Amino acid sequence: MTGRGKRKTKSTPQESDCADGELRKKARPEGPTEGPRTTAEVPARLREEVERLYKLKMPEDFYLFWDFCSSLSPDNPRDALKETLGLRLVGPFDILAEAHRGSADPHRGSADPHRGSADPQPNYHLHWRDSPDSLPVFLGENEARKGCTITQMGDNMFAAVHVFLGRKRKERGGRKEEDGALDNLGEELRERAESLGFSLEQKTKGMKQRDKKVVTKSFHGAGLVVPVDQNDVGYRELPETDASLKKLCKAIAEARSDEDRMKAFGPLQEIITFVQFANDECDYGMGLELGIDLFCYGSHYFYKVIRQLLPMAYSLLKRGLFAEILEAHLSSRSHDNLDQLTSA
């Protein structure tokens, strides 16, 4: 423990106001800077159903990618990429296929930090949002069984699959019988993306601009964004490095007895006290970081603390919907039973 956390000086402060214990974020453009030049041929009733269940506005690239997969496999768009890439469209795509059973995100992975909507599997690709009232800022990739790391894969569905396809091509080492199918899919994907005005870059200009606002990478590596004003109010560093916090988490999760576990919780409780100080002084990002880190670590021993930290952080940051998604996620979290749609 290095003592009470300090605010981290940022070179590009974000606008915020702090009054009566609340941090108010001033309006500014968020989300991808490049977008489609047309709209998808998805019925309004299905769009409304997606937004009703997810309580989030989906970006147009989500619907346009569904159109693309429907053109590849009209009878079964969800499996359009399965044979070539081993990917299947799930989550909100189940709603477009009218295969859901009235609940949102039945394929959420155990490491998804409850701010994205899962798409292809088993390498999950999810739309990442910093705030529920903003559009996604990038597509992230996570493989829940291997850990919590989220890899940025462009700012739209076409880019994410394009990057994934390129990786598959390298893995297969030039086998002609397989490269032909990959090349054909890659060309169709590229042509459709270009016709719609989407970038296929893994790291777009908008994503690089977001990087400047990231206050900490956190355990998942995708970075956290919170409003920070010119006086550095909004975020302060945790009093532990990622490495030392993971060591602390391991001591708790792998304690040999309840008595040992209670002792191991001592340093974590001290950090929670620092978070309370930080919240009092409008540095809401500290509690968000600790809560996300504990969530990413994954042990059920942290669920009670997570339920204390994250709903409070989301409330203070005006991101209340994330708290609702968190609770639903923790109630049915699993590394093995990721497809709750077919097992229900």
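Residues numbered from 1 in each chain as written. Predicted model: local features only at pLDDT ≥ 70, side-chain atom pairs only at ≥ 80, totals over all residues. Heavy atoms only, no water.

Caption draft 1: Representation of the overall build of the protein within the structure. Scanning the protein from terminus to terminus reveals 13 helices and eight strands. Residues classed as buried in the protein amount to 54% of the 344 residues present. Excluding contacts between residues fewer than 6 apart, the proportion of contacts in the protein whose partners are at least 24 apart in sequence is 66%. For the protein, the accessible area works out to roughly 15,800 Å², and carbon and sulfur atoms hold 47% of it. (Helix = DSSP H or I, 4+ residues; strand = E, 2+ residues; numbered from the N terminus. Buried < 20%, exposed > 50% of the residue type's maximum accessible area, 1.4 Å probe, protein only. Contact = heavy atoms within 4.5 Å. Areas by Shrake-Rupley, 256 points an atom, 1.4 Å probe, with all protein chains shown as cover.)

Caption draft 2: Expanded view of helix H11 (residues 303-316). Spanning 14 residues, H11 covers 20 Å between terminal C-alpha atoms, matching the ideal 20 Å at 1.5 Å per step. Buried within H11 we find Tyr-303, Val-305, Ile-306, Leu-309, Leu-310, Ala-313, Tyr-314 and Leu-316. (Expected span 1.5 Å × (residues − 1).)

Caption draft 3: View of the confidence of the model for the protein. Overall, the predicted model of the protein reaches an average pLDDT of 85, with 78% of residues at or above 70. Taken as a whole, residues 19-31 scores under 50 in pLDDT and shows 34 contacts with residues more than four places along the chain or in a different chain. When the criterion is pLDDT under 50, residues 117-121 qualifies, and its contacts beyond four places in sequence or with other chains add up to 38 contacts. (pLDDT = per-residue confidence, 0-100.)

Caption draft 4: Structural context of the pattern of salt bridges. Per the stated rule, a full pass over the model turns up 18 salt bridges. Linking Arg-167 and Glu-141 is a salt bridge whose minimum nitrogen-to-oxygen distance equals 3.0 Å. Remark: Glu-141 occurs in strand S5 (residues 138-142) and Arg-167 occurs in helix H5 (residues 157-172); sequence separation between them is 26 residues. Given a relative accessible area of 7%, Glu-141 falls into the buried group. (Salt bridge = Lys/Arg side-chain N within 4 Å of Asp/Glu carboxyl O.)

Caption draft 5: Molecular detail of the nonpolar core. Ranked by internal contacts, the top residues of the largest apolar core, which has 85 residues, are Phe-65, Phe-158 and Leu-290. Ranked by size, the runner-up nonpolar core spans seven residues in total, among them Leu-126, Trp-128, Met-207 and Ala-222. (Core = buried A, V, L, I, M, F, W, Y, C linked by side-chain atoms within 4.5 Å.)

Caption draft 6: Region of interest: the packing of H11 against helix H12 (residues 320-331). Where H11 meets H12, the axes come as close as 8 Å, and the angle between the chain directions of the two elements is 160°. One finds that H11 runs roughly antiparallel with respect to H12. Helix-helix and strand crossings are classified by hand; for H11 and H12 the assignment is right-handed. Residues Tyr-303, Ile-306, Arg-307, Leu-310, Pro-311 and Tyr-314 of H11 pack against Gly-320, Phe-322, Ala-323, Leu-326, Glu-327, Leu-330 and Ser-331 of H12. (Axes fitted to C-alpha atoms, helices over the stretch in contact; angles between N-to-C directions. Parallel < 35°, antiparallel > 145°, perpendicular 65-115°, else oblique. Left-handed = near helix turned anticlockwise from the far one by under 90°.)

Caption draft 7: Fine view of helix H2 (residues 60-72). Compared with the 18 Å implied by 1.5 Å per residue over 13 residues, the 19 Å span of H2 between its first and last C-alpha is a close match. Counting buried residues along H2, 10 of its 13 residues qualify, which places the element largely inside the surrounding structure. Where H2 is concerned, the buried positions are Glu-60, Asp-61, Phe-62, Tyr-63, Leu-64, Phe-65, Trp-66, Asp-67, Phe-68 and Cys-69.

Caption draft 8: Examining the pairing of S5 more closely. Among the five residues in S5, five count as buried, and that is most of the element. Pairing geometry for S5 and strand S6 (residues 151-152), over two bridges, is antiparallel. Residue Gly-140 lies in a different strand from S6, and its bridge partner there is Gln-152. (Pairing = 2+ DSSP bridges.)

Caption draft 9: Looking closely at the environment of Gly-91. Mapped onto the elements, Gly-91 comes out in the loop between helix H3 (82-85) and helix H4 (92-96). For Gly-91, a relative accessible area of 1% gives the class buried. Placed 41 residues apart in sequence, Gly-91 and Val-50 show a C-alpha to C-alpha distance of 9.9 Å.

Caption draft 10: How the structure looks around the packing of aromatic side chains. Enumeration over the complete set of coordinates arrives at 11 aromatic pairs. On the basis of an interplanar angle of 45° and a centroid distance of 5.9 Å, the ring pair of Phe-65 and Phe-68 is categorised as tilted. Of the two residues, Phe-65 and Phe-68 both sit in helix H2, three residues apart, roughly one turn of that helix. The pair Phe-65 / Phe-68 is uniform in exposure class, with both members buried. Look at Phe-68 and Phe-158: their rings are 5.9 Å apart centre to centre, the planes differ by 55°, and that puts the pair in the tilted class. Of this pair, Phe-68 sits in helix H2 while Phe-158 sits in helix H5, and the two are 90 residues apart along the sequence. The class for Phe-68 is buried, based on a relative accessible area of 2%. Residue classification places Phe-158 among the buried residues on the basis of a relative accessible area of 0%. Of the aromatic side chains, those joined through ring pairs into one cluster are Phe-62, Tyr-63, Trp-66 and Phe-93. Directly above the aromatic system of Tyr-63 lies the positively charged group of Arg-47, at a separation of 4.2 Å from the ring centroid. Between Arg-261 and the ring centre of Tyr-301, over which it is positioned, the NZ or CZ distance is 3.8 Å. (Phe/Tyr/Trp six-rings, centres within 6.5 Å; stacked < 30°, edge-to-face > 60°. Lys NZ or Arg CZ within 6 Å of the ring centre and 35° of its normal.)

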